[in-house]
Amino acid sequence: MIYRTILKEIELSIKSRPITLISGARQVGKSTLASIFIKKGFNYVSLDNSREKQIAIDDPSLFLSLHPFPLIIDEIQKAPNLFEAIEEKVNEEKLKNEKNYGMYILTSSQIYKLMKGVSESNSGRISIIHMSPLSRSEILNTNEETFDFDLKKVNEKSRKFPLNPVDLYKLICKGFYPELYSNDLLTSSRFYSDYVETYIERDVNDVINIKDKLLFRRFMELLASLTGEELIYDNIGKIIGIDTKTVKNWISVLLSADIIHLLEPYNDSSIVKRIVKRPKLYFSDTGLAAYLARLDNPETLLRSAFAGRFVETYIINEIRKSFLNNGINNPSLYYYRDKNQNEIDLIIINGGMMNLIECKSGIKYSLSDIKAFKCLDKCSYLKGNCGIISLTDTIYSLSNGIYVIPLSGI
C-alpha cells in the first residue's frame, strides 16, 4: 500500500475534532485510508449497502444506534440527513466528555452536496479533509512538502528522481488513481472506461437526472480537451448543443466530484480594470483527461497540439496536491491574464510571499518568455523565487530571483 501524505492530517483531525470528513473523487483511496482506523477500534458501515442506506434515510437515529461510535460511515452523501442525527450524538457526548474527539470518520465523493448539512448542523465540530489522486511524491515514496520554489529542494528531488519527456508523457497518460499502481493486470484504458461509466451511471444520477447520458459524456470529452483553457460557458454550450444554464449546472456536478477544479484569476486593486475575469479549467487527473480526449497514447499526446496544456495541467495538479496533502484545503493559487494577452500560468501566494510561474513543455527559455511578470511589479506581496517550470534537467538562472527549474523537482 502506498503511503498517503494526507494520513497525518486525518490522524490529527481525529485527535482534535468529533467529526472528520474525507472528501475526494471516486477511487482516490478514501475508503482504503479510512479502513486503517478499523484496526484502531472504529466500527465501519458503507452506504453503498442498499439496506443500510435505506435505514439511514428513513430513521437516522436508529441507524446510529445500530452502529455506535467510534464509527466510519462510507459514502455519507447518499444519506445527508444523517448529519442532524450525528450532531445530536456529538452534543450528547460533549455533555459527558468535554473532549469528544474522534467520534465519526465520514467519506464522501460529492462534497458540495453535503455542504448545507455540514454548515448548518456541524459548524465547529467537523474537520473537512480533501483527498486527491496520488501525487508523484507519493508514488516515489518520498517526503512531500508544500511547493515553495525552494531551489535546494527542487535540485535534490530532480537529481534523485529525474523524469525524461518520454516517461513524463507516459505518467500523464497513466494518471494517478491508486488502483493503477496496485493492480499490475489493470490497463489504464480499462480502468478509465469503467470509471467513466460508473461515474455517469451512479454519481451523476445521485445529483441530477441526466436524460441523455451520451450527451453528458460528450460534454466531459469536450472539457477534457479544454484542460488548461479559460472556461467560457457560451462556447461550450454552442458546441454541445445545450443552454448556458445547463453548462453551468453540469460544471458544478463535475466540480462537486473533484473531476475538475478551477483556477481563479488573480485580482489586485492595481490591475482590476485590465484583467480577464473568467477562471481556467483543469482536470484533476491527467489520465482521465487523456482518456476522454482520446489522447491516452503517450506518443500521440506528445505529437499533438494539446501536449503543452497537458504538461501545464500536470504541473498545476502536482503543486495543488502538495498543498492539499498538507492540510491546506483552499490554497491561494491563481493565474493572470489581461486584455493585452499578457499571461502568467500560476501565481502562488503563501506566507505573505508571491511566486510567479510559467509552465512549459520545452527546455531552453529566456527573459522574453516571462515578460508578463512585469505586470505584477506593483502588487502588494513580496516576490519569492519566480520562473519557468519545464522539461529542463538542470536549474538555470534568467535573472536575479528568476529561474528555469525541472518539473521533476516539484
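Preceding this paragraph is the structure being described.
We now turn to the structure provided with this report. (Residues numbered from 1 in each chain as written. Predicted model: local features only at pLDDT ≥ 70, side-chain atom pairs only at ≥ 80, totals over all residues. Heavy atoms only, no water.)

1. Things to note about the overall build of the chain
If you tally the helices and strands in the chain, you get 17 helices and 15 strands. Taking 410 residues into account, the globule formula puts the C-alpha radius of gyration at 22 Å, and the chain, at 22 Å, falls close to it. For the chain, the spread of C-alpha atoms along the principal axes amounts to about 65 × 50 × 50 Å. Within the span of the chain, comprising 410 residues, buried residues form 54% of the whole. For the chain, the share of sequence-separated contacts (at least 6 apart) that also reach a separation of at least 24 residues comes to 70%. Of the roughly 18500 Å² of accessible surface on the chain, a fraction of 48% belongs to carbon and sulfur atoms. Measuring between centres, the 53 positive side-chain charges of the chain sit 3 Å from its 50 negative side-chain charges. (Helix = DSSP H or I, 4+ residues; strand = E, 2+ residues; numbered from the N terminus. Rg over C-alpha atoms; globule rule 2.2 N^0.38 Å. Buried < 20%, exposed > 50% of the residue type's maximum accessible area, 1.4 Å probe, protein only. Contact = heavy atoms within 4.5 Å. Areas by Shrake-Rupley, 256 points an atom, 1.4 Å probe, with all protein chains shown as cover. Lys, Arg positive; Asp, Glu negative; His and termini not counted. Charge placed at Lys NZ, Arg CZ, Asp CG, Glu CD.)

2. What about the packing of helix α13 (residues 233-240) against helix α14 (residues 244-256)?
Put simply, α13 and α14 touch, their axes get as near as 9 Å, and they point 105° apart. In terms of orientation, α13 lies roughly perpendicular with respect to α14. Contacts between α13 and α14 pair Tyr233, Asp234, Ile236 and Gly237 from the former with Thr244, Val247, Lys248 and Ile251 from the latter. For the contact of α13 with α14, a count of residues per class yields four nonpolar, two polar and two charged. (Axes fitted to C-alpha atoms, helices over the stretch in contact; angles between N-to-C directions. Parallel < 35°, antiparallel > 145°, perpendicular 65-115°, else oblique. Nonpolar A, V, L, I, M, F, W, Y, C, P; charged D, E, K, R; others polar.)

3. Quick word on the environment of Asp167
Its location among the elements puts Asp167 in helix α9 (residues 165-174). Exposure remark for Asp167: the relative accessible area of 35% places this residue in the partly exposed category. On a C-alpha basis, the gap between Asp167 and Asn342 in space is 31 Å, while along the polypeptide they are 175 residues apart.

4. Notes on the nonpolar core
Soluble globular proteins tend to bury their nonpolar side chains together. Phe147, Tyr199, Phe216, Phe219, Ile259, Phe283 and Ile319 are the most contacted members of the largest nonpolar core, which totals 90 residues. Element by element, the count of residues in this core is highest for helix α17 (residues 307-324), at eight residues. Excluding residues that lie within four positions of it along the chain, Phe219 makes contacts with Ile236, Ile240, Ile242, Val247, Trp250, Ile251 and Leu254. (Core = buried A, V, L, I, M, F, W, Y, C linked by side-chain atoms within 4.5 Å.)

5. Thoughts on the packing of aromatic side chains
Scanning the entire structure with this criterion turns up 14 aromatic pairs. Seen from their ring centres, Phe216 and Trp250 are 5.1 Å apart, and the 70° between their planes marks the pair as edge-to-face. Here Phe216, found in helix α12 (residues 213-225), pairs with Trp250, found in helix α14; they are 34 residues apart in sequence, far enough to count as distant. For Phe216, a relative accessible area of 0% gives the class buried. Of the residues examined, Trp250 reaches a relative accessible area of 9% and is grouped as buried. (Phe/Tyr/Trp six-rings, centres within 6.5 Å; stacked < 30°, edge-to-face > 60°.)

6. Structural notes on the packing of helix α11 (residues 188-207) against α12
For the pair α11 and α12, interaxial distance at closest approach is 11 Å and the crossing angle is 115°. When the axis of α11 is compared with that of α12, the two are roughly perpendicular. Remark: the crossing between α11 and α12 carries right-handed chirality. Here α11 contributes Val196, Tyr199, Ile200, Glu201, Val204 and Asn205 to the contact with α12, which in turn contributes Lys213, Phe216, Arg217 and Met220. Here the contact of α11 with α12 is composed, by residue class, of six nonpolar, one polar and three charged. (Left-handed = near helix turned anticlockwise from the far one by under 90°.)

7. What about α9?
Within the span of α9, buried status applies to Leu168, Tyr169, Leu171, Ile172 and Cys173. Here the buried face of α9 lies against α7 (136-140), α10 (179-182), α11, α15 (286-292), α16 (298-303) and α17. N-cap assignment for α9: the residue whose side-chain oxygen lies 3.2 Å from the backbone N of Val166 is Asn164. In the stretch just after α9, Gly175 is the one whose phi turns positive, near 85°. (Polar contact = N/O pair within 3.5 Å; in protein donor to acceptor, adjacent residues only side chain to side chain.)

8. Some remarks on the side chain of Arg320
Within the element layout of this structure, Arg320 appears in helix α17. Note on Arg320: relative accessible area 17%, which makes it buried. A polar atom in the side chain of Arg320 sits 3.5 Å from the side chain of Asp258. Sequence-distant contacts of Arg320, defined by excluding residues within four places in its chain, comprise His130, Asp258, His261, Ser284 and Leu333.

9. Digging into the sheet that holds strand β4 (residues 104-108)
Ordered in space as β2-β3-β4-β1-β5, the five strands form an open sheet in which the pairing is parallel. Each edge of the open sheet is held by one strand with a lone partner, namely β2 (43-46) and β5 (126-130). Put simply, the sheet's adjacent strands are angled 15° from each other on average, direction ignored. Of the strand pairs in this sheet, β2 and strand β3 (residues 71-74) are connected by four bridges, and their pairing is parallel. Looking across to β3, one finds that Val45 is bridged to Ile73. Across the face of the sheet, helix α1 (residues 7-16) comes into contact with β1 (19-23), β4 and β5 while running at roughly 155° to β1. (Pairing = 2+ DSSP bridges.)

10. What to know about the state of the cysteines
In the structure shown here, the tally under the stated rule is zero disulfides. Here Cys359 is not cross-linked by a disulfide; its sulfur's nearest cysteine counterpart is in Cys386, at 13 Å. Here Cys386 stays free of any disulfide, with the sulfur of Cys379 as its closest cysteine sulfur at 9.1 Å. A residue is classified by how much of its surface remains accessible, and Cys386, at 4% relative accessible area, is buried. (Disulfide = S-S within 2.5 Å.)

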